[in-house]
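Chain residues, written in single-letter form:
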Amino acid sequence: MKKPDERETPLSSIPPYIHASRPPGLHASTPPYLHTSTHLSPAPYLKIREVKPETNFSRLSAAEKNEFEKLKTPKRRDEWLASRLAAKELISEALGGTPDGIEVFSDADRKPLARAGGKEFYISLSHRDALCACAINRALTPLIGVDVEKIEKRSEAWKKDFFTAGEYGACAGSEEKFTETWTLKEAALKMLGLGLSVDAREAEIAGERVKFAGRALERYEKLGSPAIRWKSVRKENYIISVLWA
Ligand SMILES: CC(C)(COP(=O)(O)OP(=O)(O)OC[C@H]1O[C@@H](n2cnc3c(N)ncnc32)[C@H](O)[C@@H]1OP(=O)(O)O)[C@@H](O)C(=O)NCCC(=O)NCCS
């Protein structure tokens with residue numbers, strides 16, 4: 001039985017190209033969309049980039065250089081820098097202009113933003129070992145979350161701590177499915193600006209739906225309970241999931 005503070009939100013795993021010609025704002029209440037909202041947001045801008053030691057810091061602003069200097073380990077520095085370069089390249093490809101002069105910073109919850117061409121807008125970043133990603137909602141709204149994760153064997157204790165019983169059952173026997181589900185949960189919580197400041201089970205991936213609970217549900221409702229869509233891709237032994245509304 002559903003808990004009283006839970007609400008189901010439809011997810012769509014339909015590839016974005018199916019919707020690409022659908023103008024934003026067009027009512028989509030009939031199958032296969034199964035959404036209750038009045039419009040579907042088009043697939044976001046997404047860039048996946050290799051993480052490798054970088055020597056060119058010329059694209060960093062003074063504030064970014066200052067933040068970079070505070071990072072302790074080479075791994076953290078490489079991941080941080082690669083994800084900022086991915087953001088700058090993506091913004092310049094998507095919105096025009098050169099990557100220079102674009103600045104990436106964070107709000108009080110550490111949710112990243114970019115300043116470019118006189119605009120400030122939320123972006124989403126993720127980095128894991130050899131890969132990083134940046135995603136941007138095409139309408140430049142905060143409704144965007146991306147997560148990169150490596151497919152690897154994880155302990156039963158970790159799975160039991162972070163997955164609901166329903167998710168655990170749906171993923172049982174497949175490390176790839178656990179990883180994909182984990183990236184979707186993290187992307188959903190990043191979209192809400194919460195990250196793992198809440199229990200990961202507050203975003204439950206249930207088939208084609210995401211169910212929010214607790215603080216995640218409160219935040220989602222404050223955002224107007226928009227219809228959520230997602231896409232996951234596999235690149236070598238990594239899963240990259242992007243979730244948007
Ligand atoms: C957001 C979070 C879930 C990402 O963790 P992760 O999977 O290890 O790392 P990822 O590379 O996928 O994502 C990191 C990026 O998420 C973004 N991010 C951080 N907090 C965020 C938030 N509240 N909302 C949206 N995005 C956020 C940042 O851009 C960060 O990159 P940066 O540190 O280089 O700026 C995690 O950093 C977090 O919530 N931390 C706060 C709570 C915490 O530390 N809990 C520990 C319990 S395990």
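Data block above holds the structure.
Residues numbered from 1 in each chain as written. Predicted model: local features only at pLDDT ≥ 70, side-chain atom pairs only at ≥ 80, totals over all residues. Heavy atoms only, no water.

Turning to the pairing of strand 12 (residues 238-244), a few remarks are in order. Counting buried positions along strand 12 gives seven out of seven residues, so the element sits mostly inside the fold. On strand 12, burial covers both faces: Tyr238, Ile240, Val242 and Trp244 on one face and Ile239, Ser241 and Leu243 on the other are all buried. Sheet topology places strand 8 (residues 144-150) next to strand 12; seven bridges connect them, and they run antiparallel. Among the inter-strand pairings, Glu149 is bridged to a residue of strand 12, identified as Ile239. Where strand 11 (residues 229-235) and strand 12 come together, seven bridges link them in antiparallel fashion. Directly across from Ser232, in strand 12, lies its bridge partner Ser241. The loop that links strand 11 with its antiparallel partner strand 12 comprises two residues; one of these, Glu236, has a positive phi angle of about 50 degrees. (Buried < 20%, exposed > 50% of the residue type's maximum accessible area, 1.4 Å probe, protein only. Helix = DSSP H or I, 4+ residues; strand = E, 2+ residues; numbered from the N terminus. Pairing = 2+ DSSP bridges.)

Spatially, three strands are ordered 3-4-5 in an open sheet, and the strand pairing comes out antiparallel. Where the open sheet ends on each side, the last strands, each with one partner, are strand 3 (103-106) and strand 5 (119-122). Each neighbouring strand pair of the sheet contributes to a mean axis angle of 25 degrees, computed without reference to strand direction. Summarising the sheet, strand 3 and strand 4 (residues 112-116) pair through four bridges and their orientation is antiparallel. Each bridged residue has a counterpart across the sheet, and for Ser106 the counterpart in strand 4 is Pro112. Relative to strand 3, helix 2 (residues 74-95) is tilted by about 120 degrees, and along the sheet it contacts strand 3, strand 4 and strand 5. (Axes fitted to C-alpha atoms, helices over the stretch in contact; angles between N-to-C directions. Contact = heavy atoms within 4.5 Å.)

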